Amino acid sequence: MSGSPGLPQLPVLSLAERDRRWGLLRDMMRRNDVECLLVPPAPVRYPADTYFTNDIPGSAVILPLESEPVAVQRGASVAGSWLQAQEWGEGSWIADMRFGPRAPAMVRVLEEMGLAESRIGTIGILSGPNLLPYGWTPQPMWAYLQKELPKATFIDVLDDFTGIWLVKSDEELALFRYVSQLAEQACQVMLDVTRPGVSEVEIYAAVLHEFHRHGAGMAHDLFVHSGPDNLSWDAPRWLYRAQPARVVQEGDMVLSEMMPTVGGLEAQVQMCVAVGDVHADFHRAAEVARESYEAGLEALRPGVKFGEVADAMAEPLQRAGAWHITPLIHSLTPLTMVGRVTRGTDASITDRFKQVDELPGTDLDVVLEPGMTFQLEPDAVFGRRQVNIGGNVIVTEDGHEELNSLPTHLRFTRT
């Protein structure tokens, strides 16, 4: 794919990047005294298998300490895609790709390798990231593996793996910058199309078109929500319920979260657009959200604990009496470290349900290193009036590199 106005040439991941990753993973295996890694097929939100394969998501992967890895895909329907990638030299990293029911195939591969009675490092079986704390392996698959491999010893190495995954190489950072710039362009598209009389569907379609025409996928459905007091988050309700999309009106706030991915690298931005004259509380919330964002930038540097950055971002909200409904900061690829959620003086949403538990902060003691990538996404709410902004940041040797500017302020469209 060639570059386009505003975008550099699309970066690709080389065999040197493959060897770097596999080398780090094998060093991790030696530290944990395991003879292989077993990675069951991961959900798209946590594409651990693609870190090994640079290929179609959903593989089970067996990476031995000494010999070549094997990956198993779901069945014959995807074999042709892998074959073409191999024949056309498109960068598939694993030569031994197999197709069929993955649990029996994983057992068969371990037996072939003489590892059926070995110490096996697992990722996504015994634990998982914040949204999947028990891992992503279906119980029948795990039960089958235990039954067929009774003499194996399974060792959870997710934390060590996460530490490797969090720190990006130069090649990965080039791709992350590319995706972040693409997200910046999509924010401009959203700003251009948002106006009274336009439906949420039209905004959604325009933004997705910008991503798709550059070959980007989405780690999650695009979020688009509008209204003068709309606290909705996650996918638009009209995607999963038969109902018309809302039409934007004067005085609305239109909020979006975009999660484009290219080559397994995800970026995120939170674009917030005020339509015409909006309530004064939105201007107040925008000031607090921006102050939180700037506090995060100031705190983000090597040697600082992740939780310290989250606390620095929470302080402006606490001082202003704002509350928020989403994390203020989290890591990117993998999405594991989530900053503390705080209540303000008006915790209105907690009064409407029998249970509204805050998403707990995770891995708050992780010390930041150069090459880690984060999204700062401060969300400030007064009553029902919400402003959510945010963009992508890289930790550098001497501080940070900020990759987005348009979505890091409240933006306005005039009617």
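Located above this text is the structure these notes cover.
Let me sum up the structure you'll find in this document. (Residues numbered from 1 in each chain as written. Predicted model: local features only at pLDDT ≥ 70, side-chain atom pairs only at ≥ 80, totals over all residues. Heavy atoms only, no water.)

The final tally for this structure, using the stated rule, is 2 cavities of 30 Å³ or more. Computed from the structure, the second largest cavity encloses a volume of approximately 30 Å³. Surrounding the second largest cavity, Gly227, Pro228, Asp229, Asn230, Met253, Leu255, Phe282, Arg384 and Gln386 form its lining. Residue composition of the lining of the second largest cavity, by class: 4 nonpolar, 3 polar and 2 charged. (1 Å grid on protein atoms, 1.4 Å probe; cavity = no way out; pocket = protein on both sides within 12 Å on 5 of 7 lines; lining within 4 Å. Points joined across faces, edges and corners; volume = space filled by probe spheres on them. Nonpolar A, V, L, I, M, F, W, Y, C, P; charged D, E, K, R; others polar.)

Next up on the list: the packing of aromatic side chains. Evaluation of the coordinates by the stated rule reveals 11 aromatic pairs. Their ring planes at 75° and their centres at 5.0 Å tell us that tryptophan 142 and phenylalanine 154 sit as a pair that is edge-to-face. Of this pair, tryptophan 142 sits in helix H5 (residues 139–148) while phenylalanine 154 sits in strand S6 (residues 153–156); the two residues are 12 residues apart in sequence, bridging distant segments of the chain. With relative accessibility at 17%, the residue phenylalanine 154 sits in the buried group. The cationic tip of arginine 18 hangs over the ring face of tryptophan 22; the distance from NZ or CZ to the ring centre is 5.0 Å. The ring centre of tyrosine 51 lies 4.3 Å from the NZ or CZ of arginine 21, which sits over that ring. (Phe/Tyr/Trp six-rings, centres within 6.5 Å; stacked < 30°, edge-to-face > 60°. Helix = DSSP H or I, 4+ residues; strand = E, 2+ residues; numbered from the N terminus. Buried < 20%, exposed > 50% of the residue type's maximum accessible area, 1.4 Å probe, protein only. Lys NZ or Arg CZ within 6 Å of the ring centre and 35° of its normal.)

Our focus in this paragraph is the pattern of salt bridges. Tallied over the full model, the rule gives 17 salt bridges. Between arginine 21 and glutamate 17 there is a salt bridge; the shortest N-O distance is 2.8 Å. Taken together, the positions of arginine 21 and glutamate 17, both in helix H1 (residues 15–31) and 4 residues apart, correspond to about one turn of that helix. Across the pair glutamate 172 and arginine 21 runs a salt bridge whose closest N-O atoms are separated by 2.8 Å. Highlighted residues: glutamate 172 in helix H7 (residues 170–193) and arginine 21 in helix H1, separated in sequence by 151 residues. On the basis of relative accessibility, which here comes to 1%, the residue glutamate 172 falls in the buried class. (Salt bridge = Lys/Arg side-chain N within 4 Å of Asp/Glu carboxyl O.)

What follows is about a negative patch on the surface. Negative charge collects at one region of the surface, where Asp156, Asp159, Asp160, Glu308, Asp363 and Asp365 lie side by side. Here glutamate 308 lies in helix H10 (residues 306–320). (Patch = residues over 30% accessible without salt bridge, like charges linked within 9 Å, V, L, I, M, F, W, Y side chains within 5 Å. Areas by Shrake-Rupley, 256 points an atom, 1.4 Å probe, with all protein chains shown as cover. Lys, Arg positive; Asp, Glu negative; His and termini not counted. Charge placed at Lys NZ, Arg CZ, Asp CG, Glu CD.)

All told, the structure shown has 0 disulfides when counted by the stated rule. A disulfide-free cysteine, cysteine 187 has its sulfur positioned 11 Å from the sulfur of cysteine 272, the nearest such atom. On the basis of relative accessible area, cysteine 187 is assigned to the buried category, the value being 0%. (Disulfide = S-S within 2.5 Å.)

This brings us to the pairing of strand S8 (residues 223–227). Counting buried positions over the 5 residues of S8 gives 5, a clear majority of the element. A two-sided burial pattern is seen for S8, the buried positions comprising Phe223, His225 and Gly227 on one face and Val224 and Ser226 on the other. Bridge count between S8 and strand S9 (residues 253–258): 5 bridges; the pairing is antiparallel. Looking at S9, one finds that serine 226 is bridged to valine 254. (Pairing = 2+ DSSP bridges.)

Turning our attention to the sheet that holds strand S17 (residues 391–396). The strand order S13-S14-S17-S18 describes an open sheet built from 4 strands, whose pairing is antiparallel. A strand with exactly one partner marks an edge of an open sheet, and here the two such strands are strand S13 (329–331) and strand S18 (399–402). The average angle at which neighbouring strand axes cross in this sheet is 30°, direction not considered. In this sheet, S17 lies alongside strand S14 (residues 373–376) in antiparallel orientation, the contact comprising 4 bridges. (Axes fitted to C-alpha atoms, helices over the stretch in contact; angles between N-to-C directions.)

Here the focus is the layout of surface pockets. Its boundaries defined by the atoms lining it, the largest pocket holds a volume of some 820 Å³. For the lining of the largest pocket, the secondary-structure elements that each account for two or more residues are helix H2 (48–53), helix H3 (79–87), H7, strand S7 (217–218), strand S10 (260–262) and strand S11 (265–266). Considering every element that reaches the lining of the largest pocket, the biggest residue donor is H3, with 3 residues. Residues belonging to the lining of the largest pocket are distributed by class as follows: 22 nonpolar, 11 polar and 7 charged.

On to unusual backbone geometry, then. If you check the backbone angles, aspartate 33 has positive phi at about 55° while not being a glycine. A residue is classified by how much of its surface remains accessible, and aspartate 33, at 53% relative accessible area, is exposed. A positive phi angle, close to 75°, is found at aspartate 234, a residue other than glycine. Note on placement: aspartate 234 falls in the loop between S8 and S9. Take aspartate 234: its relative accessible area is 39%, and that puts it in the partly exposed class.

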